[in-house]
Amino acid sequence: AQRVTQPEKLLSVFKGAPVELKCNYSYSGSPELFWYVQYSRQRLQLLLRHISRESIKGFTADLNKGETSFHLKKPFAQEEDSAMYYCALSNFGNEKLTFGTGTRLTIIP
Amino acid sequence: DAGVTQSPTHLIKTRGQQVTLRCSPKSGHDTVSWYQQALGQGPQFIFQYYEEEERQRGNFPDRFSGHQFPNYSSELNVNALLLGDSALYLCASSPGDRLGGYTFGSGTRLTVV
C-alpha cells in the first residue's frame, strides 16, 4: 500500500533561517511526488512536482529513491511562507493522490 | 477563469440524511476527482470521473457515489450520513492528458449532527 509520512505536524522557523519539511513515502514502483501548499484562507495549490525539477518561491525538493524521501527545502525563510504544506504521491500524472497529514509551518519574524 | 468552483460552501445535515455536493471543473479540464479531508488530516481520495465514468475509486463505502455530466461538471452524493462523514470535501480537476496536475476547489464543509 502506498503511504506518505510527514513526521512534523508543526514547525516554527525564524525569518531568514533555512527550512526543511520532511516527507517519506512507501510505494512499490516509481511514484510521482508533489508538494502542495495551503495559505491561510486559500485553496490547496500545487507548489512543485519532482518531474519538473523547478524551484518555486525559492523552494526545492529532491527525490531520494534510496531513502524514499522527498524533503522540501528553502535556504532563507520568509514570513509569507507560513502555511500548511502537504506532501503527496501518485502513480502517474493525474492518478489519485495519496497525501500526508501535513506540516504547519510558521515563520517567526 | 474561475478555476474549480464548488457548491455549497457549507452544509449541515442530520444523521441518516442524504447530501449532494457539486463541482464545476476549471475550463479545459475534463477529469474530476473528489477528496475528503477530516480535521487534522490530509485529503483522502474518494473517486475520479473521466468521460462520465468512474475511473478510480478509493477506500470508501458504496454510500459514496458520484456522477459526471457531459459538460464535465460533477456531483458527489452521500447516503445515510454518519457523524464521521463530517469533513471538508474537495473537488479537483485536471486535464485528460495527465500532465497538467490538479487544480483544487475551495471545498464544501459538511457537518453531520
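Our structure's up above, just so we're on the same page.
Predicted model, so just to flag it, every value in this text is computed and none were measured.

Draft legend 1. Representation of the overall build of chain A within the structure. When helices and strands are tallied, chain A shows zero helices and 11 strands. Each helix and strand of chain A, ordered N terminal to C terminal, gives the series β-β-β-β-β-β-β-β-β-β-β. Taken against the 2.2 N^0.38 rule, which gives 13 Å for 109 residues, the C-alpha radius of gyration of chain A at 13 Å falls within 12% of a compact globule. Based on the C-alpha atoms only, the size of chain A along its principal axes is roughly 40 × 30 × 25 Å. In chain A, which comprises 109 residues, the proportion classed as buried is 46%. Taking as baseline every contact in chain A between residues at least 6 positions apart, the subset at least 24 positions apart corresponds to 59%. Just so you have it, chain A exposes about 5,600 Å², and 51% of that area is on carbon and sulfur atoms. One way to put it: in chain A the 14 positive side-chain charges average out to a point 5 Å from where the 10 negative ones average out.

Draft legend 2. The arrangement of the state of the cysteines in detail. For the structure shown, the criterion picks out two disulfides over all chains. Covalent S-S linkage joins C23 of chain A and C87 of chain A, the inter-sulfur distance amounting to 2.0 Å. A torsion of -65° about the S-S bond marks the disulfide between C23 of chain A and C87 of chain A as left-handed. Separated by 64 residues along the polypeptide, C23 of chain A in the loop between β3 (19-21) and β4 (24-26) and C87 of chain A in strand β9 (residues 83-90) bring together distant segments of the chain. The same class applies to C23 of chain A and to C87 of chain A, which are both buried. In this model C23 of chain B forms its disulfide with C91 of chain B; the gap between the sulfur atoms is 1.8 Å.

About the criteria used
- The residue numbering used here restarts from 1 in each chain and proceeds along that chain's sequence as written.
- Lettering of chains starts at A and numbering of ligands starts at 1, both following the order in which they are written.
- The model is predicted, so local features are restricted to residues of pLDDT at least 70 and side-chain atom pairs to those at 80 or more, both for listing and for counting; the totals for chains, interfaces and linings are taken over all residues.
- Remark: hydrogens and water are excluded; side-chain values derive from all non-hydrogen atoms of the structure.
- Under the DSSP-based scheme used, a helix requires at least four consecutive residues in state H or I and a strand at least two consecutive residues in state E, with every element numbered from the N terminus.
- The atom set for the radius of gyration is the C-alpha atoms, and the globule formula is 2.2 Å times the number of residues raised to the power 0.38.
- Summary of the burial criterion: residues with accessible area below 20% of their type's maximum are buried, those above 50% are exposed, and those between are partly exposed, where the area comes from a 1.4 Å probe applied to protein chains only.
- Two residues form a contact once any of their heavy atoms are found within 4.5 Å.
- The Shrake-Rupley method, run with a 1.4 Å probe sphere, supplies the accessible areas, and residue values consider only the shown protein chains as cover.
- Charged-residue counts in this description rest on Lys and Arg as positive and Asp and Glu as negative, His and the chain ends being excluded.
- For this purpose, a charge sits on NZ of Lys, CZ of Arg, CG of Asp or CD of Glu.
- Cysteine sulfur atoms are paired as a disulfide whenever they fall within 2.5 Å.

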